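Listed below, chain by chain, are the residues.
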Amino acid sequence: MREVAVAMDVNAQRRQAMVEPRLTLADFIRERCGLTGTHLGCEHGVCGACTVLVDGAAVRSCLMLAVQADGREVTTVEALAGPDGELSVVQQAFRDAHGLQCGFCTPGFVVSLTSYLRDHPHPTDDDLRGALSGNLCRCTGYQGILEAARLAADAGRDL
């Protein structure tokens, strides 16, 4: 199959590559950029483990092709912490509320919640449940995750 040139900013770094047209954004991020914080669970867009931000919007990177991200800005979980390694508000809340469990689903939850709280800074519990309903935790530790979401929302900082 003929490869196609793509160029995008991933975590504020320019990335250019020749890719097969069917390469998913998730595989591009993990294999070409070496950023393995974006996890692949179901590969059908159901579990949310592969959630990243594309131009600020949360998307399932297993459902988006790398060629569709050409010219766009992609942010992965690796870029959410501060430059000195300080955890983001959402990351810190997950740590404080024991919302991590095995950690496989955590990057997707953190990215989804970061995006949601940026646009909805004063959510109710029902809002938070709805916002996180697209992410699945196989450990079923939803109480810790919901508590982390509450803590992050209450932190009241800019995300």
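The notes below deal with the structure included here. (Residues numbered from 1 in each chain as written. Predicted model: local features only at pLDDT ≥ 70, side-chain atom pairs only at ≥ 80, totals over all residues. Heavy atoms only, no water.)

## What to know about unusual backbone geometry
Look at Glu43: it is not a glycine, yet its phi comes out positive at around 60°. The topology assignment puts Glu43 in the loop between α1 (25–32) and β3 (51–54). One non-glycine residue with positive phi stands out, namely His98, at about 55°. Following the sequence through the fold, His98 ends up in the loop between α2 (89–96) and α3 (106–119). (Helix = DSSP H or I, 4+ residues; strand = E, 2+ residues; numbered from the N terminus.)

## Examining the nonpolar core
Core analysis: the biggest nonpolar cluster contains 24 residues, and Val90, Phe94, Phe109, Leu113, Leu117, Leu128 and Ala152 have the highest contact counts within it. Excluding residues that lie within four positions of it along the chain, Phe109 makes contacts with Phe94, Leu132, Asn135, Leu136, Cys137, Tyr142 and Ile145. With 17 residues, the next largest nonpolar core counts Ala17, Leu23, Phe28 and Met64 among its residues. (Core = buried A, V, L, I, M, F, W, Y, C linked by side-chain atoms within 4.5 Å. Buried < 20%, exposed > 50% of the residue type's maximum accessible area, 1.4 Å probe, protein only. Contact = heavy atoms within 4.5 Å.)

## Topic: the packing of aromatic side chains
Within the structure shown, the criterion is met by 1 aromatic pair. Seen from their ring centres, Phe109 and Tyr142 are 6.5 Å apart, and the 70° between their planes marks the pair as edge-to-face. With Phe109 in helix α3 and Tyr142 in helix α5 (residues 142–155), this pair connects stretches of sequence that are 33 residues apart. In this structure Phe109 comes out as buried when scored by relative accessible area, which is 0%. (Phe/Tyr/Trp six-rings, centres within 6.5 Å; stacked < 30°, edge-to-face > 60°.)

## Considering the sheet that holds strand β1 (residues 4–10)
Here 5 strands make up an open sheet; going across it, the order is β2-β1-β5-β3-β4 and the pairing mixed. If you trace the sheet from one side to the other, it starts and ends with β2 (13–19) and β4 (57–60), each paired once. Pairwise comparison of adjacent strand axes, ignoring direction, gives a mean angle of 40° for this sheet. Across 4 bridges, the pairing between β3 and β4 is antiparallel. Each bridged residue has a counterpart across the sheet, and for Val52 the counterpart in β4 is Val59. Its contacts with the sheet put α1 on β1, β2, β3 and β5 (73–75), and the angle it makes with β2 is roughly 110°. Packed onto the sheet, α3 meets β3 and β4 and runs at close to 40° relative to β3. (Pairing = 2+ DSSP bridges. Axes fitted to C-alpha atoms, helices over the stretch in contact; angles between N-to-C directions.)

## A look at the side chain of Thr51
With respect to the secondary-structure elements, Thr51 resides in strand β3. Here Gly48 takes part through its backbone oxygen, which lies 2.7 Å from a polar atom of the side chain of Thr51. Within the local environment of Thr51, its side chain forms a polar contact with the side chain of Arg60, the two groups lying 3.0 Å apart. Setting aside anything within four residues of it in sequence, one finds Thr51 in contact with Ala58, Val59, Arg60, Gly108, Val111, Ser112 and Asn135. (Polar contact = N/O pair within 3.5 Å; in protein donor to acceptor, adjacent residues only side chain to side chain.)

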